[in-house]
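Below are the chains, spelled out letter by letter.
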Amino acid sequence: MSFLQLRALNKHYGSVKALDGIDLNVVAGSRTAIVGPSGCGKTTLLRLIAGFEAPDEGSITLDGTVLANGGSSVPAHKRGIGLVAQDGALFPHLTVAANIGFGMDRGEADRTERIAELAYIVGLDKAILKRHPHELSGGQQQRVAIARAMARKPRLMLLDEPFSALDTGLRASMRKAVAELLESAGVATILVTHDQSEALSFADQVAVMRDGKFSQVGAPRELYLRPRDRMIAEFLGDAVVLPARVDSGFAQCPLGRIAVDSTERRDTARIMLRPEQLTLKCTSREGMSGTPDMLFGEVVETEFAGSLCTVAVRLLNNADPPDAAAIGNTPLILKKPGMDAPTTGEVVRISVVGKAHLLA
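The structure reproduced in this document is the subject of the present report. Because the structure is a prediction, the values reported are computed rather than measured.

What counts, and where the lines are drawn
Residues numbered from 1 in each chain as written. Predicted model: local features only at pLDDT ≥ 70, side-chain atom pairs only at ≥ 80, totals over all residues. Heavy atoms only, no water. Salt bridge = Lys/Arg side-chain N within 4 Å of Asp/Glu carboxyl O. Helix = DSSP H or I, 4+ residues; strand = E, 2+ residues; numbered from the N terminus. Buried < 20%, exposed > 50% of the residue type's maximum accessible area, 1.4 Å probe, protein only. Lys, Arg positive; Asp, Glu negative; His and termini not counted. Contact = heavy atoms within 4.5 Å. Pairing = 2+ DSSP bridges.

1. So, the pattern of salt bridges
As enumerated under the stated definition, the model contains 16 salt bridges in all. One salt bridge connects Glu-183 with Arg-31, and the closest N-O pair in it is separated by 3.4 Å. On the criterion of sequence distance, the pair formed by Glu-183 in helix H5 (residues 168-184) and Arg-31 in strand S3 (residues 31-35) is long-range, its members being 152 residues apart. A relative accessible area of 13% means that Arg-31 is categorised as buried. Residue Arg-230 pairs with Glu-234 through a salt bridge whose shortest N-O separation is 2.9 Å. Of this pair, Arg-230 and Glu-234 both sit in helix H8 (residues 230-235), separated by 4 residues, roughly a single helical turn. Residue classification places Arg-230 among the partly exposed positions, given a relative accessible area of 41%. Residue Glu-234 is classed as partly exposed on the basis of its relative accessible area, which comes to 40%.

See the structure below:
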């Protein structure tokens, strides 16, 4: 049963329609991530759920209680919802300890110990508790904001780009620590982020937003491997999108005849492969002879970036693909492990792993 239900939410700012018929179900204790380009309505949606604004139309129900229905709305301080904003929004005149404990009952047993525990969970040294926000880095301030929100033991936690100010390594460890803490406390969470990998790794459910609407909502693996359209495919990660003719579970495309995840028949279609589905094995031009069913390419550019290397591969023998003019000599852009990546000028044999996805 849904813990949070959003039904037909609409919100206007003058002539601008920020939200256009939003529907969403959030299960108790689950994690939902909302992703989308800037200006698509993500933060507006969080503000409506938190109670800072009321929807023009539609309803918000939390654990059976109607929080908003059209013009009527329960005030934010009565909703039992925690919010961590992108800028932290700490109280500058309070110490770190006072900020974390701001929403806690002053008579709560072991209050001081709990403040120290929350600081430890978000990666803050105990000595920092006596400092004020202006004495902290941006990343430290954001961690204090997360600890403060968790101290109130909310029924629902809203996270608006909460890890954006953290270093890469700390960001990953913090995300994991926060996810584990919220899960152990049974707190449902909604995360708004511009980081697609963050959304996919953090959430049980991902919602892709565009122009005030959800384009697709589902499990992270489902959206990544079977996006509804090209925009979703490319927004959630690198994608190889190719023209194709599709029939009986196979596609004829610039990579040859490959399996697809649909039995639909289309003379003109677009299929998607994730770059990790394309394997490269170094060979030579001599090795291309006598193998008409194999696909070969030449590495025309490489970009080393540590653990991953971006490789541009120009196809050498894509015989009579559909819509060949649209492909031309445009290379495939793939990311491969830096240690094993081929170098510029090498000839490689290209193989496809798994099935391609047929886009709408």
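2. Quick notes on the side chain of Lys-42
Relative to the helices and strands, Lys-42 is located in helix H1 (residues 42-50). Despite being buried, Lys-42 has no salt bridge partner; Glu-161 is the closest side chain of opposite charge, sitting 6.0 Å away. Residue contacts for Lys-42: discarding those within four places in its chain leaves Ile-34, Val-35, Gly-36, Pro-37, Val-192, Thr-193, His-194 and Met-209.

3. Quick word on the pairing of strand S15 (residues 266-273)
Strand residues, when the strand is regular, have side chains that alternate between the two faces of the sheet. Here strand S12 (residues 240-247) runs beside S15; their pairing, made up of 6 bridges, is antiparallel. Directly across from Val-246, in S15, lies its bridge partner Arg-266.

4. Overview of the sheet that holds S15
An order of S14-S13-S12-S15-S21 is seen for the 5 strands of this open sheet, with the pairing classed as antiparallel. Two strands in the sheet have a free side with no partner beyond their single neighbour: strand S14 (256-259) and strand S21 (357-358). Pairing geometry for S12 and strand S13 (residues 250-253), over 3 bridges, is antiparallel. Opposite Val-246, over in S13, you have Ala-251 as the bridge partner.

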